[in-house]
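Given next are the chains, with one letter for each unit.
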Amino acid sequence: MTRLTTTDGRTLVVRPAVGADARAVSAMIDAVAAEPDVPLLATPGSISLRDVKTLIGRSQRDPRGAFLVAEVDGAIAGNLGGAGLSFAPSSHVFELGMSVGAAYRGLGVGSALLETVVAWAAGAGYLKVVLSAFPHNERAIAFYQRHGFTFEGRRARQFRREERYYDEVLMGRPIGAFAGEPPATDGRSPAATSGGGAGA
């Protein structure tokens, strides 16, 4: 559990989600999904309460996964979920998705969630964290860039949401043994070629 203070002086706690959080998390996701600028792939109601309970339960059983919530003065303000990629050659990569309620943006909630999970992922042996965003969500993209994520690609018309098609921007951040290394250009990581590599 991480205990911090928001930029406006309130108590901020980041902790692993429990089953009792599911209803509040589900309501928050629906509210974010309903925003007119389409910040999420989900639409209101597309992620059910049962789905949220399943994700929380899975994170409690899977040592390679995480589902965190952020509370501001006891109210759910944001969530972050993710897991290691199941494809064996990419098992060193942790993929995440997150959302923060509109009333809690700009207070440090997203930063607390993201840096908490990055620290956890590095400790769990992951070497890279990845995520995706809609290209029109400039606020989110700028936020991720401030936290060390860089562009890794773009997939055209990757998603359909309410009969509209959206591109997907791919972003990644090296962590653990890869943190601070320049990207490899020959298919091998610098750490691996210097004998200092680490596996997940």
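(A) Expanded view of unusual backbone geometry. One non-glycine residue, valine 38, adopts positive backbone phi at about 55°. One can find valine 38 in the loop between α1 (22-33) and α2 (49-61). One non-glycine residue, aspartate 73, lies in positive phi territory at about 50°. Structurally, aspartate 73 can be placed in the loop between β3 (65-72) and β4 (75-84). Looking at aspartate 73, the relative accessible area reads 52%, which means it is exposed.

(B) Fine view of the pairing of strand β6 (residues 128-133). Note: strand β5 (residues 93-100) against β6, three bridges, orientation parallel. From the neighbouring strand, glutamate 95 faces β6, where its bridge partner is valine 130. Sheet topology note: the β6/strand β8 (residues 164-174) ladder contains six bridges and is antiparallel. Among the inter-strand pairings, leucine 131 is bridged to a residue of β8, identified as methionine 171.

(C) Focus on the pattern of salt bridges. The full count for this structure, using the stated rule, is nine salt bridges. With a closest N to O distance of 2.8 Å, aspartate 21 and arginine 15 form a salt bridge. Like aspartate 21, the residue arginine 15 is buried in the burial classification. A salt bridge links glutamate 115 to arginine 173; the nearest nitrogen and oxygen atoms lie 2.9 Å apart. Residue glutamate 115 is located in helix α3 (residues 109-123), and its partner arginine 173 is located in strand β8; the two are separated by 58 residues in the primary sequence. In this structure arginine 173 comes out as buried when scored by relative accessible area, which is 16%. By sharing partners, the salt bridges in this structure join Arg15, Asp21 and Glu71 into a single network.

(D) Seen up close, α3. Along its 15 residues, α3 runs 21 Å from first to last C-alpha, staying within 8% of the 21 Å computed at 1.5 Å per residue. If you check which residues of α3 are buried, you get Val109, Gly110, Ala112, Leu113, Leu114, Val117, Val118 and Ala121. Just beyond α3, the residue with positive phi is glycine 125, at close to 100°.

(E) Fine view of the packing of aromatic side chains. Within the structure shown, the criterion is met by seven aromatic pairs. When the ring of phenylalanine 143 is compared with that of tyrosine 144, the centres are 5.3 Å apart and the planes differ by 65°; the resulting orientation is edge-to-face. On the basis of relative accessible area, phenylalanine 143 is assigned to the buried category, the value being 15%. By relative accessible area, tyrosine 144 is classed as buried at 8%.

(F) Looking closely at the sheet that holds β3. Ordered in space as β1-β2-β3-β4-β5-β6-β8-β7, the eight strands form an open sheet in which the pairing is mixed. This sheet does not close on itself; its edge strands, each paired only once, are β1 (2-5) and β7 (150-161). Here the average twist between neighbouring strands, direction ignored, is 25°. As paired strands, β3 and β4 are joined by eight bridges and run antiparallel to one another. Counterpart to leucine 68 in the pairing with β4 is leucine 80. Across the sheet, helix α4 (residues 138-146) is in contact with β5, β6, β7 and β8; its angle to β8 comes to roughly 10°.

(G) The side chain of threonine 6, seen in detail. By the element assignment, threonine 6 lies in the loop between β1 and β2 (11-16). Here threonine 6 falls in the buried class, since its relative accessible area comes to 4%. Those residues in contact with threonine 6 that sit more than four places away from it in its chain are Leu12, Val72 and Leu107.

(H) Focus on the side chain of glutamate 71. With respect to the helices, strands and loops of the structure, glutamate 71 is situated in strand β3. On the basis of relative accessibility, which here comes to 17%, the residue glutamate 71 falls in the buried class. Looking at glutamate 71, its side chain comes within polar contact range of the side chain of arginine 15, at 2.9 Å.

Calculation notes
- Residues numbered from 1 in each chain as written.
- Predicted model: local features only at pLDDT ≥ 70, side-chain atom pairs only at ≥ 80, totals over all residues.
- Heavy atoms only, no water.
- Helix = DSSP H or I, 4+ residues; strand = E, 2+ residues; numbered from the N terminus.
- Buried < 20%, exposed > 50% of the residue type's maximum accessible area, 1.4 Å probe, protein only.
- Pairing = 2+ DSSP bridges.
- Salt bridge = Lys/Arg side-chain N within 4 Å of Asp/Glu carboxyl O.
- Expected span 1.5 Å × (residues − 1).
- Phe/Tyr/Trp six-rings, centres within 6.5 Å; stacked < 30°, edge-to-face > 60°.
- Axes fitted to C-alpha atoms, helices over the stretch in contact; angles between N-to-C directions.
- Contact = heavy atoms within 4.5 Å.
- Polar contact = N/O pair within 3.5 Å; in protein donor to acceptor, adjacent residues only side chain to side chain.

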